[in-house]
Amino acid sequence: MNELEKALFEARPYVEYYDRLENLVKRLWEEATDRENFLQLLNEELERAEEPFRTDLRIFLQKFEAL
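To start, this report covers the structure provided alongside it.

What counts, and where the lines are drawn
Residues numbered from 1 in each chain as written. Predicted model: local features only at pLDDT ≥ 70, side-chain atom pairs only at ≥ 80, totals over all residues. Heavy atoms only, no water. Salt bridge = Lys/Arg side-chain N within 4 Å of Asp/Glu carboxyl O. Helix = DSSP H or I, 4+ residues; strand = E, 2+ residues; numbered from the N terminus. Phe/Tyr/Trp six-rings, centres within 6.5 Å; stacked < 30°, edge-to-face > 60°. Lys NZ or Arg CZ within 6 Å of the ring centre and 35° of its normal. Buried < 20%, exposed > 50% of the residue type's maximum accessible area, 1.4 Å probe, protein only. Lys, Arg positive; Asp, Glu negative; His and termini not counted. Axes fitted to C-alpha atoms, helices over the stretch in contact; angles between N-to-C directions. Parallel < 35°, antiparallel > 145°, perpendicular 65-115°, else oblique. Left-handed = near helix turned anticlockwise from the far one by under 90°. Contact = heavy atoms within 4.5 Å. Nonpolar A, V, L, I, M, F, W, Y, C, P; charged D, E, K, R; others polar.

**Overview of the pattern of salt bridges**
Here comes step 1: On inspection of all chains with the given rule, the structure shows five salt bridges.
Here comes step 2: Glu 22 is the salt-bridge partner of Lys 26, the closest N and O atoms lying 3.1 Å from each other. Separated by four residues within a single helix, Lys 26 and Glu 22 lie in helix H2 (residues 18–31), roughly one turn from each other.
Here comes step 3: When the shortest N-O distance is used, the salt bridge between Glu 31 and Arg 27 registers 3.0 Å. Here Arg 27 and Glu 31 lie together in helix H2, a separation of four residues that amounts to about one turn.

Next comes the structure, spelled out in structure tokens:
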């Protein structure tokens, strides 16, 4: 299990739109050149997102950065 999957697993009980979150972060992970670029892309999505999905992204980001 890589760090992306671990963070998704940790966030799952707390997020409302898990499938949407999973699809988005996996797509961003594939696009990203490295971990730092992934975090940059994720933060850009966070700025554009509407609630309540924005909260799901924040939860995922907290779990990912904690790893």
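Continuing now.
**Considering the packing of aromatic side chains**
Here comes step 1: For the coordinates displayed, the defined rule picks out five aromatic pairs.
Here comes step 2: Where Trp 29 meets Phe 38, the ring centres are 5.0 Å apart and the plane angle is 80°; that geometry is what we call edge-to-face.
Here comes step 3: Aromatic pair Trp 29 and Phe 64: ring centres 5.9 Å apart, planes at 75°, arrangement edge-to-face. Residue Trp 29 is found in helix H2, and its partner Phe 64 is found in helix H4 (residues 53–66); the two are separated by 35 residues along the sequence.
Here comes step 4: Members of the aromatic cluster, each reached through a chain of ring pairs, are Trp 29, Phe 38, Phe 60 and Phe 64.
Here comes step 5: Of note, Arg 20 hangs over the ring of Phe 53, and the distance from its end group to the ring centre comes to 3.8 Å.

**Here we look at the side chain of Asp 56**
Here comes step 1: For Asp 56, the location among the structural elements is in helix H4.
Here comes step 2: With no salt bridge to any partner, buried Asp 56 finds its closest opposite charge in Arg 20, at an N-O distance of 7.1 Å.

**A look at the packing of helix H1 (residues 3–11) against H4**
Here comes step 1: Relative to each other, H1 and H4 sit at 130°, their axes nearing to 8 Å. With respect to each other, H1 and H4 are oriented oblique. As H1 packs across H4, the resulting crossing turns out to be right-handed. Facing Glu 3, Leu 4, Ala 7, Leu 8, Glu 10 and Ala 11 of H1, the residues of H4 in contact are Ile 59, Phe 60, Lys 63 and Phe 64.
Here comes step 2: For the contact of H1 with H4, a count of residues per class yields seven nonpolar, no polar and three charged.

Geometric values such as these leave the question of function open.
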